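Coordinate inspection notes
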Amino acid sequence: MQNRIEDYLEKRSSFEEPQAGFGLIESIVSILLISLFMLVGLQLAVTSTVMKTRAQRLSEAKNWVQENLERDRQRSSDLSQVSYTMSTLSTNATSGSNTLTVASAAGFQVGDALMVGNDSVNNVISTISGNTITLSSTLGTAQNPGSSVEARCRSDSMTGGFAQYLRSKLLPVLSESNNSGTPNVGTRTVGGEIHSIRRSTAVRNVNPYAVLEINYQVTDASGNTVASFDTEVVPRAYFQCS
């Protein structure tokens, strides 16, 4: 009888051992799966945070560029509202002459396009000495004393409309640091980090006028480009001077 009981217990033990072993493996697998899911979830959370940070940084960088572009466009608009310099002839100006003696040459600049009385020639100032103005071309019609002399266009390059002039008159880029010495470069905190903005310009002739090409590029502390934008500006004043 005792032998039968021992045989029974031995057989039962042999059946239970595999069950205990299977439960341990199952637990280990479960732990591994849970750990894997947690790792994937953590990685997704980190990736989501990184993407959100990048999106915020890109948005702030684009806004920075847009603010500067609006200032450039406003500058272009302002040029067309400048009160042009005016004076009158103090002596006769004969047909074929390229010199004018005016009551006052104050405010005139080399490169100004002039309207002299009713003369139809495109007169451009080449030099100024006292109240004597020398033109780059000769008058087509004689003008009497008292005839008006008006600077109707102002540009570094008359063939380029106001593009050259606008280029020289652009305001410094918006910056948190003092950039008076480097007006085309600025810095700002973007996404919690210091970033730089750089503006480059070029005048390109596009018949019948010239356009000012402007490029803005925002980079991080490592020099990586975060945002870049190109645009072309046709100064509004051009249409009053062409």
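What comes next concerns the included structure. As the structure is a computational prediction, the values presented were derived from the model and not from experiment. (Residues numbered from 1 in each chain as written. Predicted model: local features only at pLDDT ≥ 70, side-chain atom pairs only at ≥ 80, totals over all residues. Heavy atoms only, no water.)

**Quick word on the nonpolar core**
We count it as follows: Here, nonpolar core refers to any group of buried Ala, Val, Leu, Ile, Met, Phe, Trp, Tyr and Cys residues whose side-chain atoms link them within 4.5 Å. Residue burial is assigned from relative accessible area. The probe radius is 1.4 Å, only protein chains are included, and a residue is buried under 20% of its type maximum, exposed over 50%, and partly exposed in between. Residues are treated as being in contact if the distance between any of their heavy atoms lies within 4.5 Å.
Within the largest apolar cluster, 17 residues are counted, with the highest numbers of intra-cluster contacts made by Val-65, Ile-197, Leu-212, Ile-214, Tyr-216 and Val-218. What Tyr-216 contacts, discounting residues up to four positions off in sequence, is Val-65, Asn-68, Leu-69, Asp-72, Val-173, Ile-197, Arg-198, Arg-199, Ala-227, Ser-228 and Phe-229.

**Some words on the pattern of salt bridges**
Defined as follows: Note on definitions: salt bridges are taken to be side-chain nitrogens of Lys or Arg within 4 Å of carboxyl oxygens of Asp or Glu. Helix numbers and strand numbers start at the N terminus; a helix is a DSSP run of H or I with at least 4 residues, a strand a run of E with at least 2.
Overall, the coordinates contain five salt bridges when judged by the stated rule. Note that Arg-204 and Glu-213 form a salt bridge whose closest N and O atoms lie 2.4 Å from each other. Judged by its relative accessible area of 36%, Arg-204 is partly exposed. For the salt bridge of Arg-204 with Glu-232, the shortest nitrogen-to-oxygen distance reads 2.3 Å. Separated by 28 residues along the polypeptide, Arg-204 in strand β8 (residues 193-206) and Glu-232 in strand β10 (residues 225-233) bring together distant segments of the chain. You can call Glu-232 partly exposed: its relative accessible area is 45%. Linked through salt bridges whose partners overlap, the residues forming this network are Arg-204, Glu-213 and Glu-232.

**Examining a nonpolar patch on the surface**
Put simply, the rule is: Any residue with relative accessible area above 30% and no salt bridge may belong to a patch, with like charges joined within 9 Å and the nonpolar Val, Leu, Ile, Met, Phe, Trp and Tyr side chains within 5 Å. Throughout, the Shrake-Rupley method with a 1.4 Å probe supplies accessible areas, and for residues the shown protein chains are the sole cover considered.
Where nonpolar side chains cluster on the molecular surface, the patch consists of Ile-25, Val-29, Leu-33, Leu-36, Phe-37, Leu-39, Val-40 and Leu-44 and spans about 790 Å² of accessible area. Residue placement: Val-29 occurs in helix α1 (residues 2-79).

**Some thoughts on the side chain of Asn-123**
Note the cut-off: For the purposes of these results, a polar contact is taken to be a pair of N or O atoms within 3.5 Å, where, inside protein, one atom must be able to donate a hydrogen and its partner to accept one; residues adjacent in sequence count only when each atom of the pair is a side-chain atom.
Topologically, Asn-123 is positioned in strand β4 (residues 123-129). Among the polar contacts listed, one links the side chain of Asn-123 to the side chain of Asp-119, at a separation of 3.2 Å. In this structure the side chain of Asn-123 is engaged in a polar contact, spanning 3.0 Å, whose partner is the backbone oxygen of Val-121. With residues up to four places along the chain from it excluded, the contact list for Asn-123 reads Asp-112, Ala-113, Leu-114, Val-116, Leu-135, Ser-137, Thr-138 and Leu-139.

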